[in-house]
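# Working through the structure, step by step
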Amino acid sequence: MTAVLRVQDVVAGYGEVEILHGVSIAVSEAEIVAVIGPNGAGKSTLLKAIFGLVSVRGGRVELVGRDVTNIAPDRIVQSGMSYVPQTENVFPSLTINENLEMGAYVRRDGLRDRLERVYDLFPDIAPRRAERAGRLSGGQRQMLALARALMLDPKVLLLDEPSASLSPKMVDSIFEKIGDINRGGTAILLVEQNAKEALSFASRAYVLAMGENRFEGEAKEMLDNEEVGKLYLGA
Ligand SMILES: Nc1ncnc2c1ncn2[C@@H]1O[C@H](COP(=O)(O)OP(=O)(O)OP(=O)(O)O)[C@@H](O)[C@H]1O
Ligand SMILES: [Mg+2]
């Protein structure tokens, strides 16, 4: 398996407190990999550590075989990784178009083409490009955040709970869109609270608990795993 992203024994935390105690995951080309686990397990911290927003104190992060451990986000973006945070993932006072331009701030060449390609993928926001992002509904904002993350054509996209607090219909649309993005050749690492939905959608999954790997395997098999079901799926 050619890993686009390989996270090996990553240790990270905030101040004195260690949150991740040696977490390992891998995402291969064209895969959708889900990370599920209870609140406070360290899922968001894991994505932040991968993306250079929280420093990695031990272990290693590799992007297509290249060591990117503790590389700053603006440089990681240039190496082919994008990240959509759990909250505050668009600039409400900027227009939709400006938000997308911000997504490409480290690379200005070919901006117009990339904007048009992203608008093609997100036809719902295209006609509203001159409006402020703050006027969009929750679901449309999430679409914009996805669109922004695609501006630099990432090899791998990190998504932190893209379906949080959306209506069931909007959740479906977001997952559908993530599927489209994946079929376009971008590997996806998806953190989800919505564990059942994530497991039916992803190819493989990891369960994270208390900052450690707890389970990993084929996503569908995990749906049927009694222990995972009891502990993490409310079965
Ligand atoms: N900026 C921070 N400073 C200090 N502690 C933090 C910070 N962010 C998160 N934590 C702590 O780190 C732990 C893991 O948090 P994290 O947000 O990674 O969990 P999570 O699995 O994403 O949870 P959720 O499902 O609620 O989003 C929690 O105990 C949290 O309180
Ligand atoms: Mg989180």
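Residues numbered from 1 in each chain as written. Chains lettered and ligands numbered in written order. Predicted model: local features only at pLDDT ≥ 70, side-chain atom pairs only at ≥ 80, totals over all residues. Heavy atoms only, no water.

For the rest of this paragraph, the subject is the pairing of strand S6 (residues 81-84). Residues of S6 alternate between two faces, with Met81 and Tyr83 on one and Ser82 and Val84 on the opposite face, all of them buried. As judged from the four bridges shared by S6 and strand S7 (residues 156-160), these two strands associate in the parallel manner. If you follow Tyr83 over to S7, its bridge partner there is Leu158. (Buried < 20%, exposed > 50% of the residue type's maximum accessible area, 1.4 Å probe, protein only. Helix = DSSP H or I, 4+ residues; strand = E, 2+ residues; numbered from the N terminus. Pairing = 2+ DSSP bridges.)

All right, on to helix H4 (residues 111-121) then. Listed as buried for H4 are Leu111, Arg114, Leu115, Val118 and Tyr119. The buried side chains of H4 occupy one side of the element, clustering within an arc of 135° when seen end-on. Facing away from the buried side of H4 by over 90 degrees, the exposed positions are Arg112, Asp113 and Asp120. Buried residues belonging to H4 abut helix H3 (96-102) and helix H5 (138-149). (Arc of directions from axis to C-beta. Contact = heavy atoms within 4.5 Å.)

Here the focus is the layout of surface pockets. In this structure, the largest pocket encloses a volume near 450 Å³. Around the largest pocket sit 20 residues that line it, and Phe51, Val77, Tyr83, Tyr105 and Arg148 are the ones nearest its centre. Listing elements by their share of the lining of the largest pocket, those giving two or more residues are helix H2 (73-79), S6 and H5. When grouped by side-chain class, the residues that make up the lining of the largest pocket number 14 nonpolar, three polar and three charged. (1 Å grid on protein atoms, 1.4 Å probe; cavity = no way out; pocket = protein on both sides within 12 Å on 5 of 7 lines; lining within 4 Å. Points joined across faces, edges and corners; volume = space filled by probe spheres on them. Nonpolar A, V, L, I, M, F, W, Y, C, P; charged D, E, K, R; others polar.)

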